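Listed here are the chains, written in short residue letters.
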Amino acid sequence: MLLALTCAALAAGPVETEAREILDQLLRVDASHGNETAALRPLLARFQRAGVQAQILESAPGRGNLVARVRGSGARRPLLLLAHVDVVPVEGQPWSVPPFQPTEKDGYLYARGVSDDKAMASAFAAIALEAARSQPKLGRDLIVALTAGEETGGLAGARWLAQNHRDLIDAELALNEGGALIVKPDLSRMESVQIGVAEKIFQSYGLSVKGKGGHSSVPPTDFDPVVTLSRALQRIGELRFPAKVLPESREGIALMARREKPPLSTALERAAQTGTVSPEDDAVIGKDRLANAQVRTTCVTTMLKAAPQDNVLPTTAEATVNCRILPGETREQTQARLAQAIADPSVEVKPLEDIGFAKPSPISGPVNEAVHAAARALWGEVAVSHSMGTGATDSRHLREIGIQSYGLGGAPGTQEDQRAGRAAHGADERRPIRWMGEGVRFLREVTLQLAR
Ligand SMILES: [Zn+2]
């Protein structure tokens, strides 16, 4: 198999070509403010031409979700391939190319969504189309779900499907975004493969302090809600949650250690080896944004609000604090910890919308084995590790209804682009063209290993 794959890797096969065609179509539709149906309609026609049972389900006008099913023998429960086709907006970003037009420049493909998450969406579609046209049948149904609104919490997409059309997407296992394929800065070879098995819980809290209001020419002399709120926010800014190394994040921390320089690399390496963070190491890790977010729950103030006009005293001073909670800790514990740090009963702390959370997927098992096998077959001795995402993906909506969901990388990219903001959510989002076919082949191998 290794030999066959190496030969196949020399030339772009039909599946890579079709994935690129679909990708170009998807990239040309701006789905940053809804409009997913328009992006998905040509793809629906493609599935129907191939004789695949497919439909677009709208959670609201224009908010389409494409669900297609390639029938297998039914020997095992289905495999769900899920990717979102909405993207984050480009307004205010300094793009050097038109963001909603695929542009090839200096060996890279530029466009909004090329890394997040349209490359994966087009790869899954092409892989399913190839399976539909091939014999023999796979051992499981392949379900492709291309969803709306992931960037705004999945309410228009994955969560809506999970709650309203569970029968259509129900599966034993799911593959989704949330992992990574990292190539060397000079694009010479694959550096690491990451499998997302866990995510932090996204939870915002509203803080409010009531005041009496009135004319700002006669300010309060006893109790000022803005000053009280400011004091509370300062305490939250200084609050440090305990540092932990979870089984799901241990390999990711080790990988981070290999990329960093001392003293951070040494501290991370020790944390990964021992499974704990000493106060000395925490002093180093706690200063690095990425490393800090891997080892602890974080809370940060993101929004502020007081009076509606400059000469009016506020009747309420409000703040929004966004927390990212480590798996194993709860929303209630985090709220209690915030209230304890604030230590002022005049500051009310309330949880805002619950956008969903589920337990991590098991580290070992068929997806782990399939990813190791695919990575080895394609790239030989490459580091494969598990990771915990500090952000949230649609996987939580799947895990919540009992589908073991795993995060993979779709289009390979460099760590440098990530840092420079030329990847997910940034201006000039791009991916190296010569690696895009490798990404498709990787997802194809993993899918076939799991569904054969
Ligand atoms: Zn995404």
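Residues numbered from 1 in each chain as written. Predicted model: local features only at pLDDT ≥ 70, side-chain atom pairs only at ≥ 80, totals over all residues.

Q: How should I be thinking about the packing of helix α2 (residues 14–27) against helix α16 (residues 433–451) in this particular structure?
A: Where α2 meets α16, the closest approach of the two axes is 9 Å, and the angle between their N-to-C directions is 115°. One way to sum up the angle between α2 and α16 is to call them roughly perpendicular. By crossing handedness, the relation of α2 to α16 is classed as right-handed. Judged by residue contacts, Val15, Glu16, Ala19 and Arg20 of α2 engage Met436, Gly437, Val440, Arg441 and Arg444 from α16. The class makeup of the residues in the contact of α2 with α16 is 4 nonpolar, 1 polar and 4 charged. (Axes fitted to C-alpha atoms, helices over the stretch in contact; angles between N-to-C directions. Helix = DSSP H or I, 4+ residues; strand = E, 2+ residues; numbered from the N terminus. Parallel < 35°, antiparallel > 145°, perpendicular 65-115°, else oblique. Left-handed = near helix turned anticlockwise from the far one by under 90°. Contact = placed C-beta atoms within 7 Å. Nonpolar A, V, L, I, M, F, W, Y, C, P; charged D, E, K, R; others polar.)

Q: Explain the sheet that holds strand β5 (residues 108–110) to me, please; I cannot follow it from the model alone.
A: Adjacent strands of a sheet form backbone hydrogen bonds with each other and so pair up, either parallel or antiparallel. Taken together, the 3 strands give an open sheet; going across it, the order is β4-β5-β19, and neighbouring strands pair in antiparallel fashion. The sheet terminates laterally at β4 (103–105) and β19 (430–432), the two strands that pair on one side only. If you compare each strand with its neighbour and ignore which way they point, the axes differ by 25° on average. Across 3 bridges, the pairing between β4 and β5 is antiparallel. Note that in β5 the partner of Glu104 across the bridge is Leu109. Running over the sheet, α16 touches β4, β5 and β19 and is turned about 85° from β19. (Pairing = 2+ DSSP bridges.)

Q: For this particular structure, what's the right way to read the environment of Thr37?
A: Tracing the sequence through the fold places Thr37 in helix α3 (residues 36–49). With 358 residues separating them along the chain, Thr37 and Ser395 place their C-alpha atoms 22 Å apart.

Q: What is the right way to read the sheet that holds strand β10 (residues 201–210) from this model?
A: Strand order in the open sheet formed by 4 strands is β12-β14-β10-β15, with antiparallel pairing between adjacent strands. Every interior strand has two partners, whereas the edge strands, β12 (298–305) and β15 (348–354), have only one. Each strand axis lies, on average, 25° off the axis of its neighbour in the sheet, ignoring direction. Bridge count between β12 and strand β14 (residues 316–325): 7 bridges; the pairing is antiparallel. Bridge assignment links Thr301 to a residue of β14, and that residue is Val321. Running over the sheet, helix α7 (residues 225–238) touches β10, β12 and β14 and is turned about 15° from β14. Sheet strands in contact with helix α12 (residues 331–342) are β10, β12, β14 and β15, and its direction is about 155° off that of β15.

Q: Just to check I follow, could you spell out the environment of Ala373 for this structure?
A: If you trace the backbone, Ala373 turns up in helix α13 (residues 366–379). The exposure class of Ala373 is partly exposed, given the 15 C-beta atoms found within 10 Å. The sequence separation of Ala373 and Phe442 amounts to 69 residues, and the corresponding C-alpha distance is 9.9 Å. (Buried ≥ 20, exposed ≤ 12 C-beta atoms within 10 Å, placed from the backbone.)

Q: Please clarify how α7 should be interpreted in this entry.
A: Structurally, the α-helix is built with 3.6 residues per turn, so residues lying three or four positions apart point the same way. Helix length check: α7, at 14 residues, gives a terminal C-alpha distance of 20 Å against a target of 20 Å (1.5 Å per residue), a fit within 8%. Of all the positions in α7, only Pro225, Leu229, Ala232 and Ile236 are classed as buried. Looking down the long axis of α7, one finds its buried residues gathered within 60° of arc, a one-sided arrangement. With respect to the buried face of α7, the exposed residues turned more than 90 degrees away are Gly237 and Glu238. Those residues of α7 that are buried are in contact with β10, β12, β14 and α12. (Expected span 1.5 Å × (residues − 1). Arc of directions from axis to C-beta.)

Q: Help me out: how do you make sense of the environment of Leu313 in this one?
A: Here Leu313 lies in strand β13 (residues 312–313). Residue contacts for Leu313: discarding those within four places in its chain leaves Gly211, Gly213, Gly214, His215, Ser216, Pro219 and Ala307.

Q: What is the right way to read the domain arrangement of the protein from this model?
A: A common way to state how big an interface is: give the accessible area lost once the parts meet. Annotation of the protein at the domain level lists domain 1 (2–178 + 393–451) and domain 2 (201–354). Its C-alpha centre places domain 1 at a distance of 34 Å from the equivalent point of domain 2. (Domains from an automatic or database assignment.)

Q: Mind showing me how you'd approach helix α8 (residues 250–259) here?
A: Buried residues dominate α8, accounting for 7 of its 10 residues. For α8, every residue scored as buried is listed here: Arg250, Glu251, Gly252, Ile253, Leu255, Met256 and Ala257.

Q: I keep staring at the nonpolar core and nothing clicks. Help me out?
A: Proteins that are soluble and globular tend to have nonpolar side chains buried together. If you look at the biggest cluster of nonpolar residues, it comprises 89 residues, and the most contacted ones within it are Leu80, Leu81, Phe124, Ala128, Leu142 and Val144. Per-element accounting of this core gives the leading share, 12 residues, to helix α4 (residues 118–133). If we ignore the near neighbours within four places in the chain, the residues touching Ala128 are Val52, Ala68, Val70, Leu81, Leu142 and Val144. Core analysis: the next-biggest nonpolar cluster, separate from the first, contains 17 residues, Cys299, Ala317, Leu326 and Val347 among them. (Core = buried A, V, L, I, M, F, W, Y, C linked by C-beta atoms within 7 Å.)

Q: Whenever I open this one, the packing of α2 against α4 confuses me. Can you help?
A: In helix packing, the relevant descriptors are the interaxial angle and the interaxial distance, both defined with respect to the helix axes. In the contact formed by α2 and α4, the axes pass within 8 Å of each other and the chain directions differ by 135°. Here α2 lies oblique to α4, going by the angle between them. Crossing of α2 against α4: the hand is right-handed. Contacts between α2 and α4 pair Val15, Glu18, Ala19, Ile22, Leu23, Leu26 and Leu27 from the former with Lys118, Ala119, Ala121, Ser122, Ala123, Ala125, Ala126, Ile127, Leu129 and Glu130 from the latter. For the contact of α2 with α4, the residue count by class is 13 nonpolar, 1 polar and 3 charged.

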